[in-house]
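The primary structure of each chain is shown beneath.
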Amino acid sequence: MKAWRRSCISLMAAVWLAGCGGDGNGTPAEEEAELEQPTDVTEPVEEPVEVEPLAVEMHASATLRSDRRLMIDGETNLPDETRLLVIVERELSGVRWQSRTVVENGGFATGPFGPGSGLPDGGYLITVNLVEASVQPPAVRERIGDQGEHLEGELVRSARHGLGQVASYSRRYLIGSEPRRTTDQVDVLEVE
């Protein structure tokens, strides 16, 4: 009951205050009406800026350190500060190591990859992924598009879950002291 009474009192106070403007002859209300009249000012419409498509280029190489762990470095034409995810996967077991890195001066480097005891002989797949545009810095999103729509080339594909376009580069490497016979396009790494 008290809440209902308070609402009624508040409503009556609001109506009373609304009616208390001016001197009773309507002049202030007419002045306010003149001030509220819309003016015929047209604001300039911003035209969308045309962004040239970016044909993505990436290349990565691996170096096997003396402790049998991999260091990855590469080059790309993606803008500086672009965030990349580098993954090294052992083909036999599917064990993966990953690291995030950033493009600086057209290049990137990350590592070491592998356990402390070193990588065993075998085949490894190295993948460099351009992560979704939604997690890229604003300057990078401006160049590649909010959904990666300005990306093109054979490395570009649709992201999972409908998050636009991304780019991915992969290369196989064999690690071991004896090169194995293979018909695949693969680089053989030996301990230096």
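Not measured: the values here are computed from a predicted model.

### Section: the overall build of the chain
Logical step 1: Counting its secondary structure elements, the chain contains three helices and eleven strands.
Logical step 2: Going from N to C terminus, the chain has its helices and strands arranged as α-α-β-β-β-β-β-β-β-α-β-β-β-β.
Logical step 3: In the chain, which comprises 192 residues, the share counted as buried stands at 32%.
Logical step 4: Considering only contacts in the chain between residues 6 or more positions apart, those separated by 24 or more positions represent 57%.
Logical step 5: Entry remark: accessible area of the chain is about 13,300 Å², with carbon and sulfur atoms responsible for 50%.

### Examining the side chain of T76
Logical step 1: With respect to the secondary-structure elements, T76 resides in strand β3 (residues 70-76).
Logical step 2: Given the relative accessible area of 10%, T76 is considered buried.
Logical step 3: Here T76 is in contact with E57, M58, V103, G106 and F108, once residues within four sequence places are set aside.

### Here we look at unusual backbone geometry
Logical step 1: Note that the residue after G111, namely P112, is joined by a cis bond; omega there is 0°.
Logical step 2: Along the chain, P112 falls in strand β6 (residues 107-113).
Logical step 3: Of note in the backbone geometry, R68 takes a positive phi value of approximately 65° without being a glycine.
Logical step 4: Here R68 shows up in the loop between β2 (58-64) and β3.
Logical step 5: The exposure class of R68 is partly exposed, given its relative accessible area of 22%.
Logical step 6: One non-glycine residue, N105, adopts positive backbone phi at about 55°.
Logical step 7: For N105, the position within the fold is in the loop between β5 (96-102) and β6.

### Re the pairing of β5
Logical step 1: Pairing of strand β4 (residues 83-90) with β5 involves seven bridges; the strand directions are antiparallel. Counted as the bridge partner of R83 is V102 from β5.
Logical step 2: Between the end of β4 and the start of β5, which pair antiparallel, lie five residues, with G94 showing a positive phi angle near 80°.

Reading the values: the criteria
- Residues numbered from 1 in each chain as written.
- Predicted model: local features only at pLDDT ≥ 70, side-chain atom pairs only at ≥ 80, totals over all residues.
- Heavy atoms only, no water.
- Helix = DSSP H or I, 4+ residues; strand = E, 2+ residues; numbered from the N terminus.
- Buried < 20%, exposed > 50% of the residue type's maximum accessible area, 1.4 Å probe, protein only.
- Contact = heavy atoms within 4.5 Å.
- Areas by Shrake-Rupley, 256 points an atom, 1.4 Å probe, with all protein chains shown as cover.
- Pairing = 2+ DSSP bridges.

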